[in-house]
Amino acid sequence: MDIHAILKKLPHRYPILLVDRVLEVEAGKRILAIKNVSINEPFFLGHFPHRPVMPGVLILEAMAQAATLLALESSDIKLDETTVVYFAGIDNARFKRPVEPGDQLRLDVTLERAKAGIFKFSGKAYVGEQLAAEADLICTMRKISD
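Calculation criteria
Counting restarts for each chain: residues are numbered from 1 in the order of the written sequence. The model is predicted, so local features are restricted to residues of pLDDT at least 70 and side-chain atom pairs to those at 80 or more, both for listing and for counting; the totals for chains, interfaces and linings are taken over all residues. By convention in this description, side-chain values take in all heavy atoms of the structure and omit both hydrogens and water. In this text, buried Ala, Val, Leu, Ile, Met, Phe, Trp, Tyr and Cys residues form a nonpolar core when linked through side-chain atoms within 4.5 Å. Relative accessible area decides the class of each residue, using a 1.4 Å probe on protein chains only: under 20% of the type maximum gives buried, over 50% gives exposed, and in between gives partly exposed. Labels follow the DSSP assignment, with helices taken as runs of H or I lasting at least four residues and strands as runs of E lasting at least two, numbered in each case from the N terminus. The contact definition used throughout considers only heavy atoms, calling two residues in contact when any of these lie within 4.5 Å. Pairing between strands requires that DSSP locate at least two bridges from one strand to the other. Should a side-chain nitrogen of Lys or Arg be within 4 Å of a carboxyl oxygen of Asp or Glu, the pair is scored as a salt bridge. In this description, a line fitted to the C-alpha atoms serves as the axis of each element, helices being fitted only across the stretch in contact, and the angle between N-to-C directions of two axes falls anywhere from 0 to 180 degrees.

## A short note on the nonpolar core
Counting residues in each nonpolar core, the largest one holds 40 residues, and the members touching the most others are M54, L105, L107 and F121. Among the elements of the structure, β2 (30-36), α2 (56-73), β4 (104-115), β5 (118-127) and β6 (130-143) are those that each provide at least two residues to this core. The element best represented in this core is α2, accounting for twelve residues. In contact with M54, not counting residues within four places along its chain, are V37, F43, F44, H47, I59, V99 and L105.

Printed below as a string of structure tokens:
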């Protein structure tokens, strides 16, 4: 799935769109996606000027966006202007190495359970072969009203 297909599925846009490409997707099971980390990212201006590091919460957000793509590929749900995906929980989050400009973040997310609009995922983010972060993510899709 290239960036054009991702943009058709996710409502996120720059600067919060954090998935550049999907390498593999197995509906109902697993997704492998990438985020190319560039020095041009706006968060690097303040995090940290002397040693740029991608904020951990954005690594989790990248995993959640990959998880959303997996959930969409695993169901007949289509996001529109009346549907949003929210975090319902983040458990067991661990950060193992910093993610810096020039790194390619590989997002490996597995669907653990889907029931009644609640999705539970296990996610890992790698730089090369090194584990950068991992977490269990719980997400829900909800209709919104004005």
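## Looking at the pairing of β5
Note: β4 against β5, ten bridges, orientation antiparallel. Bridge pairing in β5 links A114 to F119. Note: β5 against β6, ten bridges, orientation antiparallel. Looking across to β6, one finds that S122 is bridged to D136. What sits between β5 and β6 in their antiparallel hairpin is a turn of two residues, with G128 showing a positive phi close to 60°.

## Re unusual backbone geometry
With the exception of glycine, most residues fall at negative phi, and the peptide bonds are largely trans. Cis geometry marks the peptide bond from Y14 to P15; its omega dihedral reads 10°. Note on placement: P15 falls in the loop between α1 (3-9) and β1 (21-26). Look at the link from H47 to F48: it is a cis peptide, with omega at -5°. Note on placement: F48 falls in the loop between β2 and α2. Phi at N92 is positive, roughly 55°, even though this residue is not glycine. Looking at the secondary structure, you find N92 in strand β3 (residues 83-95).

## Concerning the pattern of salt bridges
The tally for this structure, following the rule as stated, stands at eight salt bridges. Taking the shortest distance from any N to any O, the salt bridge between E24 and R30 comes out at 2.9 Å. Judged by relative accessible area, which is 41%, E24 ranks as partly exposed. A salt bridge links E134 to K124; the shortest N-O distance between them is 3.9 Å. Highlighted residues: E134 in strand β6 and K124 in strand β5, separated in sequence by ten residues. For E134, a relative accessible area of 21% corresponds to the partly exposed category.

## Points about the sheet that holds β5
Here we have six strands laid out as an open sheet, ordered β1-β2-β4-β5-β6-β3, and antiparallel in their pairing. At either margin of the open sheet sits one strand with a lone partner, and together these are β1 and β3. This sheet shows a mean twist of 20° between the axes of neighbouring strands, independent of strand direction. The pairing of β3 with β6 spans ten bridges and is classified as antiparallel. Bridge pairing in β6 places V84 opposite R142.

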